[in-house]
Amino acid sequence: MAERKKADAKPARGAEPPREIRDEVEGEASGRKSALGYTKPRTYEELRAVLASGTLHFPKRLRQVAIFLWQHPDDVALGTIVQVAEQAGVQPSTLVRFAKTFGFAGFSDLQGLFKDHVKGSWPEARGRAEPTSRSETHAELHFLGGIVAAARASLDRIGESFDVASFEAMIEVLAGADLIYLVGSKRAFPVTAYLSLTLSQQGVRNVLVDNVGSTAFDQIGCIGRGDALLAVSFSPYNSITPDLVAVAHERSAQIVTITDSTFSPLIPLSTRWIEVIESDFAGFRSLAASLSVGMALVHGVVAKRSAGRRQAR
């Protein structure tokens, strides 16, 4: 009787992971292809393809790991498991569990994909490390150098993986809209505020949803089928932006999004989206790439509208 009670109590332990995750991890050990039904990724690109497939539904902590790995491949490649776990905000055991879910023996096995990937971008890694050599005598310059290096890395990344087709489609959507709404909160707000100003200076009608006085939903209340919404959102995606975008989606407005990973909740609601990943230094994340892409969008919209007016004459 005592043994039966002990057995019955075991599954209720709070420290036990969900059953599906235990099955996934145990599946790798039993010889299956991988816990998720895929063959084990052989390259960083294959891993990204699996993550971007839209078929994976991770528990909260594993999703947190996936977002960090997606956004910071160089940090994953160069860091120890303790360092990577600290940066991702999880325990080292969570990294191991994530790796095993994909069929890897452990984190170091998964990390090999990232090491191979960043070998082609060592100048970026050197740029990130360079300020450290001067930190002993010039702490302020060390910080400035780190911020500059992060901005440079963000801008360089655009040239490596920029989705031109999605970018051009976003211009088409915005240029054809009766009214453009811009939504971005917290760290994304400076981007949308500057884009709104620039659109206004170029004579393009727009509404900046700034949520002053908690009026964001009122500000977006008149959006309709002929309008477009440009949303900017970064992880951890815990702002009001997804709720505002959902309202626009329900009212049949076209939605274009600048975001930083395939895990963004805005992607299923968006007509088109483009990925912009910003590097960070000492906890401060750059906005250089997001502003650059946003300004290029504004330029494209103005040029498209000007061309349309010339053709109409």
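Residues numbered from 1 in each chain as written. Predicted model: local features only at pLDDT ≥ 70, side-chain atom pairs only at ≥ 80, totals over all residues. Heavy atoms only, no water.

(A) Local environment of the overall build of the protein. Counting its secondary structure elements, the protein contains 15 helices and seven strands. Of the contacts formed within the protein by residues at least 6 apart in sequence, a portion of 70% connects residues at least 24 apart. (Helix = DSSP H or I, 4+ residues; strand = E, 2+ residues; numbered from the N terminus. Contact = heavy atoms within 4.5 Å.)

(B) Representation of the sheet that holds strand E5 (residues 272-275) within the structure. Here we have five strands laid out as an open sheet, ordered E2-E1-E3-E4-E5, and parallel in their pairing. Each having just a single partner strand, strand E2 (206-209) and E5 make up the two edges of the open sheet. On average, each strand axis in the sheet is inclined to that of its neighbour by 15°, with strand direction left out of account. Direction of pairing for strand E3 (residues 228-233) relative to strand E4 (residues 254-259): parallel, over a ladder of six bridges. Paired with Ala228 across the two strands is Gln254, which belongs to E4. In the packing of helix H12 (residues 189-201) onto the sheet, the strands contacted are strand E1 (180-183), E2 and E3, and the crossing angle to E2 comes to about 160°. (Pairing = 2+ DSSP bridges. Axes fitted to C-alpha atoms, helices over the stretch in contact; angles between N-to-C directions.)

(C) Looking closely at a nonpolar patch on the surface. A grouping of Leu141, Leu144 and Val148 is seen on the molecular surface, where their side chains present a nonpolar patch of about 250 Å² in accessible area. Tracing the chain through its elements places Leu141 in helix H10 (residues 139-161). (Patch = residues over 30% accessible without salt bridge, like charges linked within 9 Å, V, L, I, M, F, W, Y side chains within 5 Å. Areas by Shrake-Rupley, 256 points an atom, 1.4 Å probe, with all protein chains shown as cover. Salt bridge = Lys/Arg side-chain N within 4 Å of Asp/Glu carboxyl O.)

(D) Inspection of the nonpolar core at higher detail. If you look at the biggest cluster of nonpolar residues, it comprises 32 residues, and the most contacted ones within it are Leu51, Phe58, Leu69, Phe98, Phe102, Leu110 and Phe114. Residue assignment for this core shows that the elements contributing at least two residues are helix H3 (44-51), helix H4 (60-71), helix H5 (73-78), helix H6 (81-88), helix H7 (92-101) and helix H8 (107-118). No other element matches the seven residues that H4 contributes to this core. Here this core gathers at least three residues from each of two domains, domain 1 (13-119) and domain 2 (161-312). Residues within four places of Leu51 in sequence aside, it is in contact with Leu56, Phe58, Ala66, Trp70, Phe98, Phe102, Thr262 and Phe263. Ala177, Leu182, Leu297 and Val298 belong to the second-largest nonpolar core, a separate cluster that totals 29 residues. (Core = buried A, V, L, I, M, F, W, Y, C linked by side-chain atoms within 4.5 Å. Buried < 20%, exposed > 50% of the residue type's maximum accessible area, 1.4 Å probe, protein only. Domains from an automatic or database assignment.)

(E) Expanded view of the packing of H4 against H7. Here H4 crosses H7 at 80°, and the two axes come no closer than 10 Å. Taken together, the axes of H4 and H7 lie roughly perpendicular to each other. From H4, Arg61, Leu62, Val65, Ala66 and Leu69 reach across to H7, where they touch Thr94, Leu95, Arg97, Phe98 and Thr101. Looking at the contact of H4 with H7 residue by residue, the classes come out as six nonpolar, two polar and two charged. (Parallel < 35°, antiparallel > 145°, perpendicular 65-115°, else oblique. Nonpolar A, V, L, I, M, F, W, Y, C, P; charged D, E, K, R; others polar.)

(F) Looking closely at the environment of Val245. Structurally, Val245 can be placed in helix H14 (residues 241-250). Expressed as a C-alpha distance, the spacing of Val245 and Thr257, which sit 12 residues apart in the sequence, is 9.7 Å. With sequence-adjacent residues up to four places away left out, Val245 is seen in contact with Leu229, Ala231, Ile255, Leu266 and Leu269.

(G) Representation of helix H11 (residues 164-175) within the structure. Between its first and last C-alpha, H11 extends 16 Å over 12 residues, near the 16 Å set by a 1.5 Å rise per residue. Taken together, the buried positions of H11 are Ser166, Phe167, Ala169, Met170, Ile171, Val173, Leu174 and Ala175. Against the buried residues of H11 lie E1, E3, E4, E5 and helix H15 (288-312). Of the residues flanking the start of H11, the one acting as N-cap is Asp163, its side-chain oxygen 3.3 Å from the backbone nitrogen of Ala165. (Expected span 1.5 Å × (residues − 1). Polar contact = N/O pair within 3.5 Å; in protein donor to acceptor, adjacent residues only side chain to side chain.)

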